[in-house]
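Chains, contacts and geometry: an overview
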Amino acid sequence: MTIVDLMSEAKMNVELRSKAIKKGEYELYNCFQCMRCTSGCTSMKLLELKPHQIVIMVKLGLIDELITSGIIWTCAMCLKCTERCPQDASPSELIIALRNLAFDLEANVPEVYLKVVSAILDTGLIQEEQKVTSRDFEVYDREQLNLPKISRPGEVFKNNLLMLLTPEED
Amino acid sequence: MEVGVYWGCMILTSQYAYEVSLRTVLPELGVSIVDIAEVSCCGTPIKNVNQKAAIYLALRNLALAEKTGVEDLLVPCNGCYLSFSEAIHHWTKDDNLRTEINNLLMEEGLKFNGNIKLWHTIDFLHDKIGIEKIKTAVKKLLNDLKFVSHPGCHILRPSTIVNVDNPEKPEKLDNLLRVLGAECVDYPEKLDCCGAGLLLSHSETALTIAGLKLKAIKNLAVDGLVVSCPSCKIMFGAKQEAIGTIVGEKFEIPVLYYTQLLGLALGLEEKNLGLELNQSPIEKILEKIS
Ligand code: SF4
Ligand code: SF4
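So, about the pattern of salt bridges. A side chain of one charge can pair with a side chain of the opposite charge if their charged atoms are brought near each other. Residue and element names in this part refer to chain B. Considering all chains together, one arrives at 23 salt bridges over all chains under this definition. A salt bridge links Arg23 to Asp35; its shortest N-O distance comes to 2.9 Å. Taken as a pair, Arg23 in helix H2 (residues 16-28) and Asp35 in strand E2 (residues 32-35) lie far apart in primary sequence, 12 residues in all. Arg23 gets classed as partly exposed once you look at its relative accessible area, which sits at 21%. One salt bridge connects Lys169 with Glu171, and the closest N-O pair in it is separated by 3.0 Å.

Structural data, given as structure tokens:
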């Protein structure tokens, strides 16, 4: 027997659930739906993210819906839910695990996240050194501010990062 | 005292005022900075796509820091501070992960031993250097100035992993302001997030989140907002005008790094504190101080 969500026809996916749960450390099954996480959630007011619902959906195995819907990317990562959860269910860590799963399965990952990853692979940092403008419209770079040159990682770093980002076969 | 500093991407590539002010202020307090070569991103953005890769980045940076021989590592960015703390947490309790990462580090002749002590700007100044030492070093009291502080999320939560200050009632940044002679008021929105985590993917929402906090601060009629995280500074400082447009409000709230105010109180020159780089209208504060 399997659980089917009658609103969306969504089906439980036990295999994906165990992948999502394996990826993190949290007491998912201790969640008693008190909604303390959601009551203080930064993204609730504007994006309708409800971390307690994420937790129950994972418990029900509705993983496909979560990783394709985009909702897991609305979390601001303020970590209030994880701090305040009385049951150590760590909703924000669960959201990270779901994001990781979405990346592995090439599901719905916002383009900007992939861009940052390729910038880190290219340069070691999230972006190139920027020129900044002062309040009186002078333009400065690090050198003009007497800041030392940026020292960057080499090839071994890049290869290892690339290797780790390649999904494991199982 | 020697301290290693891991600056992180945001500070190294754009938030220069934080770096300039720390490089000016720390030597005045008897601290010399050791820069760490060949470091990369701390791992925070990578955590969204692959947590193990993020841990590798963090531990590699920490191994490079240990290699310099310093015992203390200052991590001025909240995001980097959490990333490193989390990585150490996993390294300590997961044997398989430890072996796997050790092998990767070995390819560069690196090893993480877990001996380095992490500090964020707030607890480094408050607890390591100490309030008393700062008090005696102050040359110009910042009387007549009233601030609110924004300590930020990732140095407070989750408190099982980071503990720079009390997660529900942080006071160290306020104490650090008071020791400079300034007044610092508590406010209900103090723990509210700056929204930076959504800036890339949901920028309008991110700006609105910051805007709700700026509205609350505007109503308090304080002289300024004090931060100690590059992401929070971008949101409340550089993005302040854009935020005003989105939430339909005119903001003129000076936003400063704590280290800039500390520098002013130590009697240091404005040009050595990166003050010309603040995008918010900080002239009002500078006038009151001089
Ligand atoms: S995750 Fe924690 S805070 Fe949220 S509903 Fe479950 S038990 Fe309550
Ligand atoms: S970490 Fe995400 S889910 Fe948790 S309270 Fe913050 S915004 Fe909400």
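Past the structure itself, the notes keep going.
To continue, consider the state of the cysteines. Residues and elements named next belong to chain B. Enumeration according to the criterion identifies zero disulfides over all chains in this entry. Its sulfur unpaired, Cys77 is 3.7 Å from the next cysteine sulfur, which belongs to Cys80. Classification of Cys77 as buried rests on a relative accessible area of 5%.

Another aspect to go through is the site of ligand 1. Residues and elements named next belong to chain A. The full set close to ligand 1 counts 14 residues, and Cys31, Cys34, Met35, Cys37 and Cys85 are the nearest of them. Secondary structure elements with two or more residues in the shell around ligand 1: helix H2 (36-39) and helix H4 (51-59). In terms of residue class, the shell around ligand 1 is made up of 10 nonpolar, three polar and one charged.

Not every one of the 13 residues close to ligand 2 is listed here, only the nearest: Cys41, Cys75, Cys78, Leu79 and Cys81 of chain A. Here the residues of the shell around ligand 2 sort into 10 nonpolar, three polar and no charged.

The next point concerns the sheet that holds strand E6 (residues 183-184) of chain B. All names here are of chain B. Judged by pairing direction, the sheet is parallel, and its four strands sit side by side in the order E6-E5-E7-E8 without closing on themselves. The open sheet terminates on both sides in strands that have one partner only, identified here as E6 and strand E8 (255-257). Bridging between strand E7 (residues 224-227) and E8 involves three bridges; their strand directions are parallel. Note that in E8 the partner of Leu225 across the bridge is Val255. Its contacts with the sheet put helix H10 (residues 230-238) on strand E5 (146-150), E7 and E8, and the angle it makes with E8 is roughly 160 degrees.

So, how was this worked out
Residues numbered from 1 in each chain as written. Chains lettered and ligands numbered in written order. Predicted model: local features only at pLDDT ≥ 70, side-chain atom pairs only at ≥ 80, totals over all residues. Heavy atoms only, no water. Salt bridge = Lys/Arg side-chain N within 4 Å of Asp/Glu carboxyl O. Helix = DSSP H or I, 4+ residues; strand = E, 2+ residues; numbered from the N terminus. Buried < 20%, exposed > 50% of the residue type's maximum accessible area, 1.4 Å probe, protein only. Disulfide = S-S within 2.5 Å. Near = heavy atom within 4 Å. Nonpolar A, V, L, I, M, F, W, Y, C, P; charged D, E, K, R; others polar. Pairing = 2+ DSSP bridges. Contact = heavy atoms within 4.5 Å. Axes fitted to C-alpha atoms, helices over the stretch in contact; angles between N-to-C directions.

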